[in-house]
Every structure is written in structure tokens, then in C-alpha cells.
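One letter stands for each residue in the lines below.
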Amino acid sequence: MISAIVLINADVDRIPEVAEAVADLDGVTEVYSVTGDVDLIAMVRVRRHEDFADVIADQLNKVDGVLGTSTHIAFRSYSKHDLEAAFSLGLDES
């Protein structure tokens, strides 16, 4: 799977409705309402790079209340488990 983080600026009067509509799109796995420079952050996961166009350009950007987006495609993902393994010294914790 290929992951992208999509920063979404939304109509402030419609943030909950926009978040729900975005969350319902195929390829969108999570939507977060956040503080800061953007209103929502969506995680999009697809099998091929070309599929981002279908999800983001053709669907997400057309959700009523979405004012603009900025997409960041992930090169690599790290989970807590991956990071712990990478920094492990190989010592037994018992």
C-alpha cells in the first residue's frame, strides 16, 4: 500500500460534515479534525500511485465544503514497533 497524508482546508461551518463525507470515500482510512493551519487531515492508502488521482483529485477535492488540499505522499512508514526494533541494542529486557 502507498500512503498519503492530505491536509484539508474546509468551510469552518461544515467541518464535521466534510470530515464524515471524506471518511466515507474509498481509499480514505482515517480523518482527523486538528488545530493549526488546516482543518482536517486525511490518511489515504491506495495500491498504485495512479489511484491517488481517483481518490484525491476526482473525489476528495469535490466534497462540498472542501476549500483546498495539500497532499504529502509517504516514502516510508514507521510504526512504534519498527522504531523500537531499529533502536534496539539487542539486550534482553528481562
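In what follows, the accompanying structure is described. Bear in mind the structure is a predicted one, so any value in this text is a computation, not a measurement.

What follows covers the overall build of the protein chain. If you tally the helices and strands in the protein chain, you get three helices and four strands. When each of the 94 residues of the protein chain is scored for burial, the buried share is 29%. A sequence separation of at least 24 residues applies to 67% of the contacts in the protein chain between residues at least 6 apart. Approximately 6,700 Å² of the protein chain is accessible, and the part contributed by carbon and sulfur atoms is 51%.

What follows is about the pairing of strand 2 (residues 28-33). In this sheet, strand 3 (residues 40-46) lies alongside strand 2 in antiparallel orientation, the contact comprising five bridges. The residue of strand 3 that forms the bridge with serine 33 is leucine 40. With antiparallel pairing between neighbouring strands as the criterion, strand 2 and strand 3 make up a hairpin whose turn holds six residues, including glycine 36 at a positive phi of roughly 115°.

Locating aspartate 39 in the fold gives a position in the loop between strand 2 and strand 3. Among all residues touching aspartate 39, those that are not within four sequence positions of it are Ile8, Asn9, Ala10, Val12, Ile15, Tyr32, Ser33 and Val34.

By the definition in use, this model includes four salt bridges. Across the salt bridge formed by arginine 14 and aspartate 64, the nearest N and O atoms sit 3.3 Å from each other. With a gap of 50 residues between them, arginine 14 in the loop between strand 1 (2-10) and helix 1 (15-23) and aspartate 64 in the loop between helix 2 (50-57) and strand 4 (66-73) connect regions that are remote in the sequence. Relative accessible area serves as the criterion here: at 26%, arginine 14 is assigned to the partly exposed category. Note on aspartate 64: relative accessible area 59%, which makes it exposed. In this structure, the salt-bridge partner of arginine 48 is aspartate 51, at a minimum N-O distance of 2.9 Å. Its relative accessible area of 17% is what places aspartate 51 among the buried residues. In the salt-bridge network here, residues are joined through shared partners; they are Arg48, Glu50 and Asp51.

Attention shifts here to helix 2. Those residues of helix 2 lying buried are Asp51, Phe52, Val55 and Ile56. Each buried residue of helix 2 sits inside an arc of 115° when the element is viewed along its axis, so together they form one side. Contacts from the buried residues of helix 2 go to strand 1, strand 2, strand 3 and strand 4.

Conventions we followed
Residues numbered from 1 in each chain as written. Predicted model: local features only at pLDDT ≥ 70, side-chain atom pairs only at ≥ 80, totals over all residues. Heavy atoms only, no water. Helix = DSSP H or I, 4+ residues; strand = E, 2+ residues; numbered from the N terminus. Buried < 20%, exposed > 50% of the residue type's maximum accessible area, 1.4 Å probe, protein only. Contact = heavy atoms within 4.5 Å. Areas by Shrake-Rupley, 256 points an atom, 1.4 Å probe, with all protein chains shown as cover. Pairing = 2+ DSSP bridges. Salt bridge = Lys/Arg side-chain N within 4 Å of Asp/Glu carboxyl O. Arc of directions from axis to C-beta.

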